[in-house]
Amino acid sequence: MAGDVYERVMDLARRRGFVWPTSEAYGAVAGFIDYGPLGAMMKRRIEDTWRNFFVIREGFYEIECPTIGQEAIYVASGHVKGFTDKMFQCPHCGEFFRADHVVENGGHCEHAAALDEESLARELAEIPCPVCNETIGEVTVFGFSLMFRTSIGPGSQRTGYLRPETAQGIFTDFARLLRFYRDKLPFGVTQIGKSYRNEISPRQGMIRLREFTQAEAEIFVHPDRKEHPDFDRYADYRMPLLGYPAQLAGTGATEMSMAEAVRSGTVANEYVAYYLALTHEFLMRVGISPDRLRFRQHLPDERAHYAEDCWDAECLSDRFGWVETVGIADRTDYDLRAHASHSGEPFTVFIQYPEPIRRTETRVVPRMGALGPRFRGSAKAIAEAIAATDPASIPGDGGFVVTVGGNAIEIGPELYDVREVEVEVQGEEVMPHVIEPSYGIDRILYSILEHSFGEEQLEDGSRTVLHLPPAIAPIQVAVFPLMSRDGMDGLALEIVRELKSSGLMAEYDDSGAIGRRYRRQDEIGTPFAVTVDYDSLEDGTVTLRDRDTMRQVRLPRSRLALTCIELCTGRLRFNDLE
RNA sequence: GCGAUAGUAGUCUAGUGGUAGGACAGGGGCUUCCCAAGCCUCUAACUCGGGUUCGAAUCCCGGCUAUCGCACCA
């Protein structure tokens, strides 16, 4: 068969209804895909497995925010400014360039990224084009935003953006989420949904999409307590880690336990290590092959300046090489701090001390008995101003001036006392740090297809198989009558109904020879096939066939549904039945 | 985005300025059958738009998509 693995996998995906180009009736659009019947089913199963890990097991409730957000959110998050490239087109040769890069390389300016469009255009006028070498001359510099922009409501009064990541919804809901979790750290919140990036030139199939699905968890932790309360679960979990020193030295990944990884400083803290291991377990569960999976630490210049540590789970693709499918970062308090300063809301948690801290402070205490008669209605405001005065700023002779309502008021020593006061501090406001595991569902789904894709030579011919885990396979059980006569078809249909009512996705097929039907199901990854034959009519047994080994066992129909459920949930393996 | 190349049933492919053919897949039947068997039969295509021409799937221009190279990839 022609083509590389990517081509053969995508051909299968199109033909059998996993993924195809969008809106082909009008010509497809690059960077957008449609999930067909089997793909949508498989994607949902991946998402449900993810929910099982993060929502059910970790207890991080899922929320759902709009995909359109008002401009202020993305001004605060830095996307409006940082997610834009200033570009221009050479009027002579038509090439597009990053304006700041050309200006910097032209030697005219050292920090061109800080210049506005007009200044960049002025600088560019004198510079030769890097491609055609003509002096650029008069040119327009425009911002190319990777965010899709839209307007909210009639009259285009309000700018909105399609979210470039799901995370911001969780950050902007922080105060309500904190209350939901009853004001305690740590807590985690998840969201699965579409995000949008207007990529300049998306050309890697499902790998770089303009609309894609993210599954993100934001875990809010105390900045000084990055020991994971459940770290024991993964302390001895071993997996290969490719830290940045190893990348710089050109050595390979080192296998180590998570406890060792934290102890040796390879991974910054227990939280990051915990989610590295959880991610490893998750990816294997959904069908990523462990020998085509690695965890790579970001190099210091690759990492965002605020991130304390950042790792990517990368899946090996035959065509694309190592593809980033999951990012796990300790983002510190960067996001919450940004939203706090832009919104004016606190974005902090009040952490009560185990014991209140008592200390003595020197305070200026107003004498209300003297202030009241003298200042009457203004006395309260003046007393507050006096109390707020720093005792150290009061000159030796005792008099000072406070400003209340724009009026300077002379305060004599008879109006206040300076004395030692005992104060009790119950706790402090803390801005949590954020641990963020962020999963690219589309890339994971593609990687699973590629990793599970097999073309096998058999004694008589060949077969194409997707070795999908049963929990991910779109269809779990196929049911065939050996022949569609003598009541075998009726019995098979009855079995399909029974399996479906047990919650399994079952499919009936009586078309063509039995071998052909097995092949059809192999190709879409259906893990199990049930065949109804003449014996079934006699004694009520059926055969159950395993996709990967092509072996069969015979079992009574009465045990079929439960057996299939146990096989699909992994409580039972097929060779336990043999 | 720029440049090069390409686009024929679901898939692969033949063809060429004058009737678009095959294989596989798919549907219906026959066969009665446990790993793509056989026979009959049916469905189904020239990427889209414009131009040249008596006539265009074929030649020209443009769009779209794909592949490759360049640029881009927070």
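Note that the structure is predicted; figures quoted are calculated from it, not measured. (Residues numbered from 1 in each chain as written. Chains lettered and ligands numbered in written order. Predicted model: local features only at pLDDT ≥ 70, side-chain atom pairs only at ≥ 80, totals over all residues. Heavy atoms only, no water.)

**So, the nonpolar core**
Soluble globular proteins tend to bury their nonpolar side chains together. By size, the foremost hydrophobic cluster in this structure holds 67 residues, and its most contacted members are Ile46, Leu241 and Tyr275. When residues in this core are grouped by element, the largest group, ten residues, is from helix H12 (residues 270-285). Taken domain by domain, this core gets at least three of its residues from each of domain 1 (2-83 + 146-334 + 435-441) and domain 3 (462-577). The contact partners of leucine 241, leaving out residues within four places of it in the chain, are Ala253, Thr254, Met256, Met258, Ala261, Val267, Leu276, Phe295 and Trp311. Among the nonpolar cores identified, the runner-up in size contains 24 residues, and Phe528, Val530, Leu567 and Phe574 belong to it. (Core = buried A, V, L, I, M, F, W, Y, C linked by side-chain atoms within 4.5 Å. Buried < 20%, exposed > 50% of the residue type's maximum accessible area, 1.4 Å probe, protein only. Helix = DSSP H or I, 4+ residues; strand = E, 2+ residues; numbered from the N terminus. Domains from an automatic or database assignment. Contact = heavy atoms within 4.5 Å.)

**Some points on the environment of isoleucine 63**
With respect to the element layout, isoleucine 63 can be found in the loop between strand S3 (61-62) and strand S4 (68-70). Taking the C-alpha atoms as reference, isoleucine 63 lies 37 Å from methionine 87; in sequence the two are 24 residues apart. Not counting chain neighbours up to four residues away, the residues in contact with isoleucine 63 comprise Gly169, Ile170, Asp173, Leu177, Val189, Thr190 and Gln191.

**As for the environment of arginine 374**
Topologically, arginine 374 is positioned in helix H14 (residues 368-375). The sequence separation of arginine 374 and proline 470 amounts to 96 residues, and the corresponding C-alpha distance is 84 Å. One polar contact links arginine 374 to glutamate 414, side chain to side chain, over a distance of 3.0 Å. (Polar contact = N/O pair within 3.5 Å; in protein donor to acceptor, adjacent residues only side chain to side chain.)

**With respect to the sheet that holds strand S28 (residues 552-556)**
Read from one edge to the other, the open sheet built from five strands follows the order S25-S24-S26-S27-S28, with strand pairing classed as mixed. Two strands in the sheet have a free side with no partner beyond their single neighbour: strand S25 (506-508) and S28. Averaged over all pairs of adjacent strands, the angle between their axes in this sheet comes to 25°, without regard to strand direction. As paired strands, strand S27 (residues 541-546) and S28 are joined by five bridges and run antiparallel to one another. Opposite arginine 545, over in S28, you have glutamine 552 as the bridge partner. Here helix H17 (residues 488-501) sits on the sheet and contacts strand S24 (477-481), S25, strand S26 (528-532) and S27; the angle it forms with S24, its principal contact strand, is near 165°. (Pairing = 2+ DSSP bridges. Axes fitted to C-alpha atoms, helices over the stretch in contact; angles between N-to-C directions.)

**Details of the domain arrangement of chain A**
The domain boundaries assigned to chain A delineate domain 1 (2-83 + 146-334 + 435-441), domain 2 (359-430) and domain 3 (462-577). Measuring from the centre of the C-alpha atoms in domain 1 to the corresponding centre in domain 3 gives 35 Å. In this assembly, 13 residues from domain 1 lie in contact with 13 residues from domain 3. Counting the contacts that link domain 1 with domain 3 gives two salt bridges. A salt bridge links glutamate 523 to arginine 16, with the nearest nitrogen and oxygen atoms 2.8 Å apart. At the boundary of domain 1 and domain 3, one finds five residue pairs in polar contact (both at pLDDT 80 or more). Of all the elements in the fold, those that place two or more residues in the side of domain 1 that touches domain 3 are helix H1 (5-16) and helix H2 (37-57). In terms of residue count, H2 provides more of the side of domain 1 that touches domain 3 than any other element does, six residues in total. (Salt bridge = Lys/Arg side-chain N within 4 Å of Asp/Glu carboxyl O.)

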